[in-house]
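Overview (structure and organization)
Listed below, chain by chain, are the residues.
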Amino acid sequence: LINGWFALSSDGNRLVSMNRAGGLVLWDADGRWLDTYSIRGADGQAATVLDAAFSVDDSRVVSLHSDGAGYTIAVRDLVDGALTLIPFPNAPDVPMTVWLDQSLPAVWLEVITADPRQPPYVLRLPLEQEGGPAVVQLPSGPEADPDAVVRIGRIAPPLAITSSAAGVVKLWNLQTGDVTAQVELGEVPSFGRVNELIGTHLAWRDNESQALHLLDFSTDQDRRVAALDGAYAQAILLSPAADVIVAVNLDLQPVVVAWDAATGVRYDLGEYHACGRTPDMVRLSRDGTTLVIGCDDGFEWWRVTGGG
């Protein structure tokens, strides 16, 4: 492994990581190797992996690669093994994030312009050249919003979260550029996570890590779930039903902690394998069944069992 970066499948049964040779490596939850592939640049060397994501149905992996001179999008079909390559058409702009459309045979990218006077944008590219969806380019709604002072990181596209200085929190759909929900909190949520794909709730903490909150976008209601008393959490994750909030590396300790979102009751789930530093990446699968913690010496899988 080059580091603990990875992309996790929706059902938590597979992940892709990167190796030192510039390849993508596919693993299953038992730690078994399934596949390795790489993209060659114009110089014949393996291109650098910048980002990757599974499709919602876990049938494909999309990845973004750079060879220093340009960018290529690769789509690996996990059923038949086919590899589709799509050149990034808008050089010298810089694509940063990639994902697959849930309903169309298309790839989406969030792109930073080479000209700093121009705002970032979102780009849709068809997977099928004949009869596929058209190329679409639109401004990045969150990045073009003049009121936004914070964009919460680690929110999986096509969702995005921003806040104004007055604590007006907006939920965005990157594929349309629209604000799908807006709530006035009165303070800026500095860090948090939505329930992926659904995007009905935001689990968040304040800048001083005094409390853990749950914001319901459907009712505009924010609720204080538990006191943190200044304990910093490297990762906050939210179950699909927004009924459980999970924190990893709480108060700089190698622990996994969960709270019942309705009662605020805390459950100390145990320690993860410490890797000499904070984890490189922590992800909860979209179906909420699997937590994976990654660092350069491997990945640790946590599973929901029984009725828990």
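Anything mentioned here points back to the structure above.
Here is a short report on the structure shown in this document. (Residues numbered from 1 in each chain as written. Predicted model: local features only at pLDDT ≥ 70, side-chain atom pairs only at ≥ 80, totals over all residues. Heavy atoms only, no water.)

**Quick notes on the sheet that holds strand β8 (residues 83-87)**
One open sheet holds the four strands; their spatial order is β5-β6-β7-β8, and the pairing between them is antiparallel. This sheet does not close on itself; its edge strands, each paired only once, are β5 (48-54) and β8. On average, each strand axis in the sheet is inclined to that of its neighbour by 20°, with strand direction left out of account. (Pairing = 2+ DSSP bridges. Helix = DSSP H or I, 4+ residues; strand = E, 2+ residues; numbered from the N terminus. Axes fitted to C-alpha atoms, helices over the stretch in contact; angles between N-to-C directions.)

**Structural notes on the environment of Q182**
With respect to the helices, strands and loops of the structure, Q182 is situated in strand β16 (residues 178-184). Sequence separation of Q182 and L127 is 55 residues, and the distance between their C-alpha atoms is 33 Å. Once residues lying within four places of it in the same chain are set aside, the contact partners of Q182 are V168, V169, K170 and D220. (Contact = heavy atoms within 4.5 Å.)

**A closer look at unusual backbone geometry**
Residue P92 is reached from A91 by a cis peptide bond, and omega for that bond is 15°. Within the fold, P92 resides in the loop between β8 and β9 (94-100). Positive phi, normally seen in glycine, also occurs at L197, with a value near 70°. Within the secondary structure, L197 sits in the loop between β17 (191-194) and β18 (201-205). Under the relative-accessibility criterion, L197 is labelled partly exposed at 33%. For D220, which is not glycine, the phi dihedral falls at a positive 65°. (Buried < 20%, exposed > 50% of the residue type's maximum accessible area, 1.4 Å probe, protein only.)

**Considering the pairing of strand β20 (residues 221-227)**
In terms of strand pairing, strand β19 (residues 211-216) meets β20 through six bridges, oriented antiparallel. Within β20, the position partnered with L214 by the bridge is R223.

**Structural notes on the sheet that holds β16**
Strand order in the open sheet made by the four strands is β13-β14-β15-β16, with antiparallel pairing throughout. Of all the strands in the sheet, the pair left with one neighbour each is β13 (148-151) and β16. If you compare each strand with its neighbour and ignore which way they point, the axes differ by 30° on average. Alignment of β13 against strand β14 (residues 159-164), held across three bridges, turns out to be antiparallel. In the sheet register, A148 faces β14, and the bridge partner there is S164.

**Examining the pairing of β9**
Here is the key point about a regular strand: its side chains alternate between the two faces of the sheet. With six bridges connecting them, β9 and strand β10 (residues 106-112) associate as antiparallel partners. Looking at the pairing, P95 lines up with V111 of β10. What sits between the antiparallel neighbours β9 and β10 is a turn of five residues.

**Re the pattern of salt bridges**
Evaluated as defined, the whole model comprises 10 salt bridges. Residue R32 pairs with D30 through a salt bridge whose shortest N-O separation is 3.4 Å. Overall, D30 belongs to the exposed group, its relative accessible area being 60%. A salt bridge links R76 to D35; its shortest N-O distance comes to 2.9 Å. Placement of the pair is R76 in strand β7 (residues 71-77) and D35 in strand β4 (residues 33-37), with a sequence separation of 41 residues. A network of salt bridges, in which partner residues are shared, links D28, D30 and R32. (Salt bridge = Lys/Arg side-chain N within 4 Å of Asp/Glu carboxyl O.)

Don't take any of this as a statement about function, it's just geometry.
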